[in-house]
Amino acid sequence: MARSNKPIVWGPFAAGGTLTAFLTPALILLTLLAALGHAPDLLAYERLHAVASHWLAKLVIVGIVFLSLWSAAHRLRITLYDLGMRADALVATVVYLIAVAGTLAAIVYLLRI
Amino acid sequence: MSERVVELEVLRYNPETDSEPHFQRYSVSCEEEWVVLDALNKIKETIDPTLSYRWSCHMAVCGSCGMMVNGEPKLACKAFLRTFDGVIRVEPLAHFPIERDLVTVIDDFVMKLKRVKPYLIPKQDKPVSEGEYLQTPAELKKYKQYTLCINCMLCYAACPEYGLIPNYIGPAAIALAHRYNQDSRDGGRDERQEEIAATEGVWDCSFVGACSEVCPEHVDPAGAIQQVKIKSMVDWYKEHLMPWVKK
Ligand code: SF4
């Protein structure tokens, strides 16, 4: 039997899953704090905006956004399959395209900074 | 020792006379500390000698008495009657064809097990005169957990992917392949990868994790499968993106 090419899509999924497991809870906490007006100075909007204007930071942010979106897209694809949607190729194309579109949007907004 | 009457609803199927499986109710007086297997044995001895099921050791070692108890895959010798209320429903292991009553046809699993070559394939053969293949405790620890599998197939009955995709190689076979791949004396990983790194291998797993939950020996096949996924991914990237790196 031939070895599968699934690692192409699974690699970013696993990486994104690991990232979101650590980052998402921190993000939720920070958003809550910010909403309550208690965001630590270091993470104030102006400072983060300044950080994001560096090209290296932009690269890192794009990486994180892509991996997180890809991970969610892949999870959704598998979940839909498990729920009985057998049009896997179609589902895969749609969800992966959404992840790519989100990443492109992030790139566009970051380039505007 | 106290006794109580236990009601069991057992799936019956005789391919010679029945067109379809059906349930049969038995009331049998059981000791408080009995397991489902004891109840079945008592039914067979005192009520209905035609009831068929597999069992052998009665101590969770042989792996023969796997069946669905109230819808969950369990070893009948480890399923204590006192943990169930009301009528206990006993069915053959899910996802396997029924041969007769609680006996299933397990050929599919046995074939898959063979395909992953679950035996040591030494890196290089050496004559007996050169002595044993030595191994440190740390090297042993890498795979010991996966040697505990008793081939009971509870994980296959629990796995929804196996139910959906009959060609999926499945938890125990992959865990066993991983057991030999992790063994410092073994050199057969490449051959096993042909099976377990295929689409029908680890990539049909969506990490439901039910296999590890039902495993009576705590093998954690789901963990093995995820480790194989990571290793197969590294293989893939090496092969396709860094072809100059030797395997
Ligand atoms: S991995 Fe566990 S549940 Fe699966 S066959 Fe082996 S012992 Fe049974």
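Here the structure is a predicted model, which is why all the values come from computation and not from measurement.

Draft legend 1. Focus on the overall build of chain A. Per the secondary structure count, chain A includes 4 helices and 0 strands. Rg of the C-alpha trace for chain A: 17 Å, well past the compact-globule value of 13 Å for 113 residues, more than 25% over. Within the span of chain A, comprising 113 residues, buried residues form 25% of the whole. For chain A, restricting intrachain contacts to residue pairs at least 6 apart in sequence, the fraction spanning at least 24 positions comes to 71%.

Draft legend 2. Broad picture of the sheet that holds strand β5 (residues 88-91) of chain B. Residues and elements named next belong to chain B. Strand order across the open sheet formed by 5 strands is β2-β1-β5-β3-β4, with mixed pairing between neighbours. Lying at the two open borders of the sheet, with one neighbouring strand each, are β2 (22-31) and β4 (72-75). Going across the sheet, the axis of each strand differs from the next one's by a mean of 35°, ignoring polarity. Bridging between strand β3 (residues 66-69) and β4 involves 4 bridges; their strand directions are antiparallel. Looking across to β4, one finds that Met67 is bridged to Lys74. Along the sheet face, helix α1 (residues 36-46) touches β1 (3-12), β2, β3 and β5 and points at about 100° away from the line of β2.

Draft legend 3. Looking closely at the packing of helix α6 (residues 171-181) of chain B against helix α9 (residues 221-241) of chain B. Residues and elements named next belong to chain B. Where α6 contacts α9, the two axes come as close as 8 Å, and the packing angle between them is 60°. Judged by the inter-axis angle, α6 sits oblique to α9. As α6 runs across α9, the sense of the crossing is left-handed. Of α9, the residues touching α6 (which contributes Pro171, Ile174, Ala175 and His178) are Pro221, Ala224, Ile225, Gln227, Val228 and Lys231.

Draft legend 4. Looking closely at the environment of Ile196 of chain B. Residues and elements named next belong to chain B. Looking at where Ile196 falls in the secondary structure, it is placed in helix α7 (residues 189-196). The sequence separation of Ile196 and Tyr168 amounts to 28 residues, and the corresponding C-alpha distance is 9.5 Å. If we ignore the near neighbours within four places in the chain, the residues touching Ile196 are Val116, Ile169, Ile174, Ala177, Asn181, Gly201, Val202 and Val228.

Draft legend 5. Seen up close, a nonpolar patch on the surface. Residues and elements named next belong to chain A. A surface patch of nonpolar side chains, amounting to about 450 Å² of accessible area, comprises Trp55, Leu56, Leu59 and Val60. Within the fold, Leu59 resides in helix α3 (residues 55-82). According to the relative accessible area criterion, Leu59 is exposed, its value standing at 56%.

Draft legend 6. The arrangement of the environment of Ile64 of chain A in detail. Residues and elements named next belong to chain A. Its place among the elements puts Ile64 in helix α3. A relative accessible area of 29% places Ile64 in the partly exposed class. Each C-alpha atom of the pair Ile64 and Asp88 lies 26 Å from the other, and the pair is 24 residues apart in sequence. Discounting residues that sit within four places of it in the chain, Ile64 has contacts with Leu19 and Leu23.

Draft legend 7. Broad picture of helix α2 (residues 107-115) of chain B. Residues and elements named next belong to chain B. Within the span of α2, buried status applies to Phe109, Lys112 and Leu113. Here the buried residues of α2 occupy an arc of 105° about the axis, which is enough to place them on one side. The inward-facing, buried residues of α2 abut α4 (154-158), α5 (160-164) and α6. One or two steps after α2, the chain reaches Lys117, where phi turns positive at roughly 50°.

Draft legend 8. Spotlight on the pairing of β5 of chain B. All names here are of chain B. Burial of the side chains of β5 is restricted to one face: Ile88 and Val90 are buried, whereas none of Arg89 and Glu91 on the reverse face is. Note that β1 and β5 share 3 bridges and pair parallel. When the bridges of β5 are listed, Leu8 appears paired with Ile88. Of the strand pairs in this sheet, β3 and β5 are connected by 2 bridges, and their pairing is antiparallel. Opposite Val69, over in β5, you have Val90 as the bridge partner.

Draft legend 9. The arrangement of the interface of chain A and chain B in detail. Taken together, the contact pairs 16 residues of chain A with 25 residues of chain B. Taken over both partners, the interface formed by chain A and chain B buries close to 1,700 Å², and the fraction arising from carbon and sulfur atoms is 56%. Between the two partners, chain A and chain B, sit 2 salt bridges. Across the salt bridge formed by Arg3 of chain A and Asp190 of chain B, the nearest N and O atoms sit 3.2 Å from each other. Taken together, the links from chain A to chain B amount to 9 residue pairs in polar contact (both at pLDDT 80 or more). Mapped onto the side of chain A that touches chain B, the elements with two or more residues apiece are α1 (7-35) and α3 of chain A.

Draft legend 10. Representation of the nonpolar core within the structure. All names here are of chain B. Ranked by size, the top nonpolar core spans 73 residues in total, and within it Leu8, Val36, Leu40 and Met67 carry the most contacts. The dominant element in this core, judged by the number of residues it contributes, is α6, at 6 residues. Once you skip the residues sitting within four places of it in the chain, Leu8 turns out to touch Gln24, Arg25, Tyr26, Val28, Val36, Ala39, Leu40, Ile43, Val87, Ile88 and Val90. Listed in part, the 5 residues of the second largest apolar core include Tyr146, Ala175, Val219 and Ala224.

Draft legend 11. Region of the structure containing the domain arrangement of chain B. All names here are of chain B. Under the domain assignment, chain B is made up of domain 1 (3-104) and domain 2 (107-240). Using C-alpha coordinates to define each centre, domain 1 is positioned 30 Å away from domain 2. Each side of the interface is counted separately: domain 1 has 15 residues, and domain 2 has 15 residues. Contact between domain 1 and domain 2 buries roughly 1,100 Å² in total, counting both sides, with carbon and sulfur atoms accounting for 69%. For the interface between domain 1 and domain 2, the tally reads 0 salt bridges. Where domain 1 packs against domain 2, one counts 4 residue pairs in polar contact (both at pLDDT 80 or more). Taken together, the elements giving at least two residues each to the side of domain 1 that touches domain 2 come down to β3 and β4. A class-by-class count of the residues in the side of domain 1 that touches domain 2 yields 10 nonpolar, 3 polar and 2 charged.

Cut-offs and rules
- Residues numbered from 1 in each chain as written.
- Chains lettered and ligands numbered in written order.
- Predicted model: local features only at pLDDT ≥ 70, side-chain atom pairs only at ≥ 80, totals over all residues.
- Heavy atoms only, no water.
- Helix = DSSP H or I, 4+ residues; strand = E, 2+ residues; numbered from the N terminus.
- Rg over C-alpha atoms; globule rule 2.2 N^0.38 Å.
- Buried < 20%, exposed > 50% of the residue type's maximum accessible area, 1.4 Å probe, protein only.
- Contact = heavy atoms within 4.5 Å.
- Pairing = 2+ DSSP bridges.
- Axes fitted to C-alpha atoms, helices over the stretch in contact; angles between N-to-C directions.
- Parallel < 35°, antiparallel > 145°, perpendicular 65-115°, else oblique.
- Left-handed = near helix turned anticlockwise from the far one by under 90°.
- Patch = residues over 30% accessible without salt bridge, like charges linked within 9 Å, V, L, I, M, F, W, Y side chains within 5 Å.
- Areas by Shrake-Rupley, 256 points an atom, 1.4 Å probe, with all protein chains shown as cover.
- Salt bridge = Lys/Arg side-chain N within 4 Å of Asp/Glu carboxyl O.
- Arc of directions from axis to C-beta.
- Buried area = accessible area lost by both parts, 1.4 Å probe.
- Polar contact = N/O pair within 3.5 Å; in protein donor to acceptor, adjacent residues only side chain to side chain.
- Core = buried A, V, L, I, M, F, W, Y, C linked by side-chain atoms within 4.5 Å.
- Domains from an automatic or database assignment.
- Nonpolar A, V, L, I, M, F, W, Y, C, P; charged D, E, K, R; others polar.

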